[in-house]
Amino acid sequence: MPHLRPTLAVFSLLATPAMAEVPLVVTDIAPVHSLVSMVMQGVGQPDLLIPAGSSPHDFSLRPSDAARLQDADLIVWIGEDLTPWLARPLSIVAEGAVNMPLIELPVTLLREGGHEHDTLDAAAHPDDDHDDHDDHDDHDEEMHGSHDPHVWLDPVNAIAWLPEIASALTRQDPQNGPLYSANAANAADMLDQLLDELAQGDLARPFIVSHDAFGYFEDRFDAHALGSIAGADASAPGPARVAALRDAAREADVRCVLVEPQFNSGLAEAVVPQGVTIRQIDAMGSDLPLGATLYPDMIRSIAAAISGCPDE
Ligand SMILES: [Zn+2]
């Protein structure tokens, strides 16, 4: 079937010649969309595949998404570790686009996935010493030998990606190359200041999180969660994990549970003893306006969520 690209055809009739050269960039999640928006400021805007409020762990592409992928020139996404369901559509539908999985860039700092938390997770996996796993759906990430996919929650990674995004855009659109580079440098300076700002706060609190998404943030800012209700792939915990977590939370005197908007907060209430503070935390910036400001605002709101927990 001939590939007619109706969207592009209409676009080129309406736009000025210089504008027609702006690459069509598709991003996966709002924080990545924000970083690309910073680099494209004054030139254009990227497209967002997974809308705010949806979990990347269990999203399904709509037919309109396939059309957007087909038209894309550049796809900037976290990678297969976060959205395994996206890899195949990308290789088939978006074969004409440059594929940029950020987790695979050599500059990306990685941490191992899944089981980094100490006390509560150890208690919640009492059968981890057994070698013969045969019904452990929540251990899929281990079998893939993958990394914790929530790489965007370390601003040091975001800073490293900005010039890479600028280079990828410049290869598609050399005319705007100097602007992409300058935007990336400005954004990196801004995020450097954000790092300094957050390094001055004290985020050591006894808290648990709804799913194991914040390891990169915790490592960077010394804010270590005692555990998580769901693992890094956000699959629902079984009754044994919930029971073990509830006992361990009582034992460790956890005072605060940070729950993401996509998460079933009833589960948090089942895990924690009465009287524990339940606060909201969001790894995706779902409540924030899309665009360049989303990423720094999201990082600040995560710090604020943790520092709002009782500190003893
Ligand atoms: Zn996650």
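Named according to an unreviewed UniProt entry, the protein chain is High-affinity zinc uptake system protein ZnuA originating from Pontivivens nitratireducens. In UniProt, the protein chain has this text filed under Sequence similarities (unreviewed entry): "Belongs to the bacterial solute-binding protein 9 family."

Visitor: Any chance you could explain the nonpolar core here in plain terms?
Guide: Within soluble globular proteins, side chains that are nonpolar generally end up buried alongside one another. Trp 152 and Phe 217 are the most contacted members of the largest nonpolar core, which totals 74 residues. In this structure Phe 217 touches Leu 153, Leu 198, Leu 203, Ile 299, Ile 302, Ala 303 and Ile 306, once residues within four positions along its chain are discounted. Ile 208, Val 259, Phe 263 and Val 272 belong to the second largest nonpolar core, which has 15 residues in total.

Visitor: Explain the coordination of the zinc ion to me, please; I cannot follow it from the model alone.
Guide: Around a metal, the perfect tetrahedron of four donors has angles of 109.5 degrees, and the perfect octahedron of six donors has angles of 90 or 180 degrees. Only His 57 (NE2), His 150 (NE2) and His 211 (NE2) from the protein reach the zinc ion as donors, at distances of 2.0 Å. Mapping the donors of the zinc ion onto the primary sequence yields the spacing H-x92-H-x60-H. Of the two residues, His 57 is situated in the loop between β2 (47-48) and α4 (63-71) and His 211 in strand β5 (residues 207-211); the sequence distance between them amounts to 154 residues.

Visitor: Got a minute to help me understand unusual backbone geometry in this structure?
Guide: One can expect most non-glycine residues to show negative phi and most peptide bonds to be in trans. Positive phi, close to 55°, is recorded for Asp 222, a residue that is not glycine. Asp 222 gets classed as exposed once you look at its relative accessible area, which sits at 55%. Backbone geometry at Ala 234 places phi at a positive 65°, although glycine is not the residue there. In this structure Ala 234 comes out as partly exposed when scored by relative accessible area, which is 30%.

Visitor: Whenever I open this one, the side chain of Ser 286 confuses me. Can you help?
Guide: Within the element layout of this structure, Ser 286 appears in the loop between β8 (277-280) and α13 (294-307). The exposure class assigned to Ser 286 is buried, which follows from its relative accessible area of 14%.

Visitor: Help me understand the pairing of strand β4 (residues 98-101) in this model?
Guide: Looking along a regular strand, one sees side chains alternate from face to face of the sheet. One ladder, built from four bridges, connects strand β3 (residues 74-77) with β4; its direction is parallel. Looking at β4, one finds that Leu 74 is bridged to Val 98.

Visitor: How should the layout of surface pockets be read in this particular structure?
Guide: Empty space among the atoms becomes apparent when a probe as large as a water molecule is rolled across them. For the largest pocket, the calculated volume is near 720 Å³. Surrounding the largest pocket, 30 residues form its lining, His 57, Leu 82, Ala 232, Asp 233 and Ala 234 being those nearest its centre. In terms of residue class, the lining of the largest pocket is made up of 13 nonpolar, 10 polar and seven charged. A domain split of the lining of the largest pocket shows at least three residues from each of domain 1 (22-109 + 151-196) and domain 2 (118-149 + 202-307).

Visitor: It is not clear to me how the pairing of strand β6 (residues 227-230) should be interpreted in this structure. Could you clarify?
Guide: Relative to β6, β5 runs parallel, the two sharing three bridges. Bridge assignment links Ile 208 to a residue of β6, and that residue is Gly 227. Once the chain exits β5 it traverses helix α10 (residues 215-221) before rejoining the sheet at β6, and the crossover so formed is right-handed.

Visitor: Mind showing me how you'd approach the sheet that holds β3 here?
Guide: By way of backbone hydrogen bonds, the strands of a sheet pair with one another, either parallel or antiparallel. Strand order in the open sheet made by the four strands is β2-β1-β3-β4, with parallel pairing throughout. Looking at which strands have only one partner, the edges of the open sheet turn out to be β2 and β4. Summarising the sheet, strand β1 (residues 25-27) and β2 pair through two bridges and their orientation is parallel. Residue pairing across strands places Thr 27 opposite Leu 48, the latter belonging to β2. Sheet strands in contact with helix α3 (residues 30-40) are β1, β2 and β3, and its direction is about 150° off that of β1.

Visitor: Where do I start with the packing of α3 against helix α9 (residues 177-199) in this structure?
Guide: Interaxial distance between α3 and α9 falls to 7 Å at its minimum, and their mutual angle equals 125°. The angle between α3 and α9 falls in the class oblique. Residue-level inspection shows Leu 35, Met 38, Val 39 and Met 40 of α3 in contact with α9, the latter providing Tyr 180, Asn 183, Ala 184, Ala 187, Met 190 and Leu 191. Grouping the constituent residues of the contact of α3 with α9 by class yields nine nonpolar, one polar and no charged.

Reading guide: rules and limits
Residues numbered from 1 in each chain as written. Predicted model: local features only at pLDDT ≥ 70, side-chain atom pairs only at ≥ 80, totals over all residues. Heavy atoms only, no water. UniProt positions renumbered as here; feature names shortened; annotations may be inferred. Core = buried A, V, L, I, M, F, W, Y, C linked by side-chain atoms within 4.5 Å. Buried < 20%, exposed > 50% of the residue type's maximum accessible area, 1.4 Å probe, protein only. Contact = heavy atoms within 4.5 Å. Donors = N, O, S within 2.8 Å, 3.2 Å for Na, K, Ca; no water. Helix = DSSP H or I, 4+ residues; strand = E, 2+ residues; numbered from the N terminus. Pairing = 2+ DSSP bridges. 1 Å grid on protein atoms, 1.4 Å probe; cavity = no way out; pocket = protein on both sides within 12 Å on 5 of 7 lines; lining within 4 Å. Points joined across faces, edges and corners; volume = space filled by probe spheres on them. Nonpolar A, V, L, I, M, F, W, Y, C, P; charged D, E, K, R; others polar. Domains from an automatic or database assignment. Right-handed = clockwise from strand over helix to strand, strands pointing away. Axes fitted to C-alpha atoms, helices over the stretch in contact; angles between N-to-C directions. Parallel < 35°, antiparallel > 145°, perpendicular 65-115°, else oblique.

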